[in-house]
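# Inside the fold
In case you want the letters, here they are:
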Amino acid sequence: MPGRAVAIAAGLVLGVFDGGRLGPGAIGRRRRNPLGPSDAEVRANLAGEASADAALALQELEAGAATAEETTDEPSVPRDLTAAAFFDVDNTMVQGASIVHFARGLAARKYLNTSDLVDFAWKQLKFRVSGKESSNDVASGREKALSFIRGRSTAELARLGEEIYDEIISDKIWPGTRALAQMHLDAGQQVWLVTATPVELAQVIAKRLGLTGALGTVAESENGVFTGRLVGDILHGLGKAHAVRTLAVREGLNLKRCTAYSDSHNDVPMLSLCGTAVAINPDSDLRELAKNRGWEIRDFRTGRKAAKVGVPTALVLGAAGGALAAVITRRKIPA
């Protein structure tokens, strides 16, 4: 049922873009005022709006399914209609990168080979050590991800996401961050994940954690099959902020009463958008900024040394699922 719901929602939401009104080529065809937003900003805005559309459609379907299956008479928590919490996923809610954990699951199912998996892990290692993303790495990662999903059904991706969450990601949830999310739920507030991870996978994580929903990257599909193109761009930086702003308008949220959580300096636009910002397991740039702005800092790691060295190392070895060690071992074995 969940996989079918995601497939239906993706078809409903992405069908708007399939019709040609705001397809991927629309940006290139649009004559841009040189004093107006850049193409990158236009793509970020489009990604944010598409993410909000997808998130609300998925939420509506999930809510409908939950209502149909409701059997308890327990009183619900009074709703706080104008406040919400927005959580980044990677290294904020989930230890490591969710897309790398997903890649591990795909490799176990023979969807990816060892070199692909090590490449994913290596790029994540570089990002965690430097705190900065390489535009070349982002571009190549985007192309690999899109080539993987091209021609696959939205339902298949949702099904894989559910299986891999239960096998791998469920054990990677930071208990401290999960407790913060529950605090907002107990206060009757909406709780949303905001991530560059595909919205189908992000929605699985949100559902398993009992959260309201997820804002994620939206890939274009036709008749429930991915085309291999994005709607706008990866949900990242300004795109996340625009997605949160769009969702707030549609849900009637007061952003001054909302809280945003992230580990990355790249998410400063989203953090700055909300009345309260909290740095979770922050990178060095975000830690410094949080101190300067008086933002709360929560670090659930075992120590700064472990955060800088041990976590990335564990990420690579864990993400590769022993594949990297196996490659090294094979090289040491004499022919």
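Whatever comes next refers back to the structure up there.
What comes next is a walk through the structure. These numbers come from a predicted model, not from an experiment.

Let's shift gears to the packing of aromatic side chains. A complete count under the given rule lists one aromatic pair for this structure. Measuring from ring centre to ring centre gives 4.1 Å for F87 and Y261, while their planes differ by 5 degrees; the resulting arrangement is stacked. In this pair, F87 is assigned in strand β1 (residues 84–88) and Y261 in strand β6 (residues 259–262), connecting sequence segments 174 residues apart. The exposure class assigned to F87 is buried, which follows from its relative accessible area of 0%.

Okay, the environment of V194 next. By the secondary structure assignment, V194 is in strand β2 (residues 190–198). Taking C-alpha positions, V194 is 6.0 Å from A214, a pair spaced 20 residues apart along the chain. Discounting residues that sit within four places of it in the chain, V194 has contacts with F86, F87, D88, V89, L215, L235, K240, V244 and M270.

What follows concerns the sheet that holds β2. In space, the six strands of this open sheet follow the order β3-β2-β1-β6-β7-β8, with parallel pairing throughout. Each edge of the open sheet carries a strand with a single partner, namely β3 (213–217) and β8 (296–298). Sheet twist, expressed as the average angle between the axes of neighbouring strands with direction ignored, equals 20 degrees. Sheet topology places β1 next to β6; three bridges connect them, and they run parallel.

In this structure, T259 sits in strand β6. Looking at T259, the relative accessible area reads 9%, which means it is buried. Ignoring any residue separated from it by four or fewer positions in sequence, one finds T259 in contact with A84, A85, F86, H184, C274, T276 and V278.

Along the chain, the position of Q203 falls in helix α9 (residues 199–208). Ignoring sequence-local partners within four residues, the contact set of Q203 consists of L58, E62, G213 and A214.

Here we take up the nonpolar core. Side chains of a nonpolar character, in soluble globular proteins, are inclined to be buried together. Counting 30 residues, the largest nonpolar core has F86, V194, L215, V244, L255, C258 and W295 as its most contacted members. Going through the elements one at a time, α3 (39–69), β1, β2, α10 (238–251), α11 (268–273), β7 (276–280) and α12 (284–293) are the ones with two or more residues in this core. Looking at which element gives the most residues to this core, the answer is α10, with five residues. In this view, C258 contacts T82, A83, A84, F86, L253, C274, G275 and T276; residues no more than four positions away in its chain are not counted. Within the second largest apolar cluster, 23 residues are counted, among which are I169, A181, V204 and L209.

For the rest of this paragraph, the subject is the environment of N45. Mapped onto the elements, N45 comes out in helix α3. Taking relative accessible area as the criterion, N45 reaches 31% and is therefore assigned partly exposed. Put simply, N45 and D233 are 188 residues apart on the chain and 8.8 Å apart in space, counted from C-alpha to C-alpha.

α9 packs onto helix α7 (residues 154–167) with a crossing angle of 45 degrees between their chain directions and a minimal axis gap of 9 Å. If you check the angle between α7 and α9, you find them oblique. Of the two possible hands of crossing, α7 and α9 adopt the one that is right-handed. Contacts between α7 and α9 pair T154, L157, A158, G161, E162, Y165 and D166 from the former with E200, L201, V204, I205 and R208 from the latter.

Put simply, helix α4 (residues 98–108) and α7 touch, their axes get as near as 10 Å, and they point 100 degrees apart. Taken together, the axis directions place α4 and α7 in an arrangement best described as roughly perpendicular. Judged by residue contacts, H101, F102, G105 and L106 of α4 engage L157, L160, G161 and I164 from α7. Here the contact of α4 with α7 is built from residues that sort into five nonpolar, three polar and no charged.

This part covers the state of the cysteines. By the definition in use, this model includes zero disulfides. Take C258: it sits in no disulfide, and the sulfur closest to it among the cysteines is that of C274, at 5.4 Å. A relative accessible area of 8% places C274 in the buried class.

Time to look at the pattern of salt bridges. Counted by the stated rule, this structure contains 15 salt bridges. A salt bridge links D166 to R208, with the shortest nitrogen-to-oxygen separation between them at 3.0 Å. With D166 in helix α7 and R208 in helix α9, this residue pair connects regions lying 42 residues apart in the sequence. Exposure remark for D166: the relative accessible area of 42% places this residue in the partly exposed category. Look at the salt bridges and you will find they share partners, linking R109, R159, E163 and E167 into a network.

Definitions and cut-offs
- Residues numbered from 1 in each chain as written.
- Predicted model: local features only at pLDDT ≥ 70, side-chain atom pairs only at ≥ 80, totals over all residues.
- Heavy atoms only, no water.
- Phe/Tyr/Trp six-rings, centres within 6.5 Å; stacked < 30°, edge-to-face > 60°.
- Helix = DSSP H or I, 4+ residues; strand = E, 2+ residues; numbered from the N terminus.
- Buried < 20%, exposed > 50% of the residue type's maximum accessible area, 1.4 Å probe, protein only.
- Contact = heavy atoms within 4.5 Å.
- Pairing = 2+ DSSP bridges.
- Axes fitted to C-alpha atoms, helices over the stretch in contact; angles between N-to-C directions.
- Core = buried A, V, L, I, M, F, W, Y, C linked by side-chain atoms within 4.5 Å.
- Parallel < 35°, antiparallel > 145°, perpendicular 65-115°, else oblique.
- Left-handed = near helix turned anticlockwise from the far one by under 90°.
- Nonpolar A, V, L, I, M, F, W, Y, C, P; charged D, E, K, R; others polar.
- Disulfide = S-S within 2.5 Å.
- Salt bridge = Lys/Arg side-chain N within 4 Å of Asp/Glu carboxyl O.

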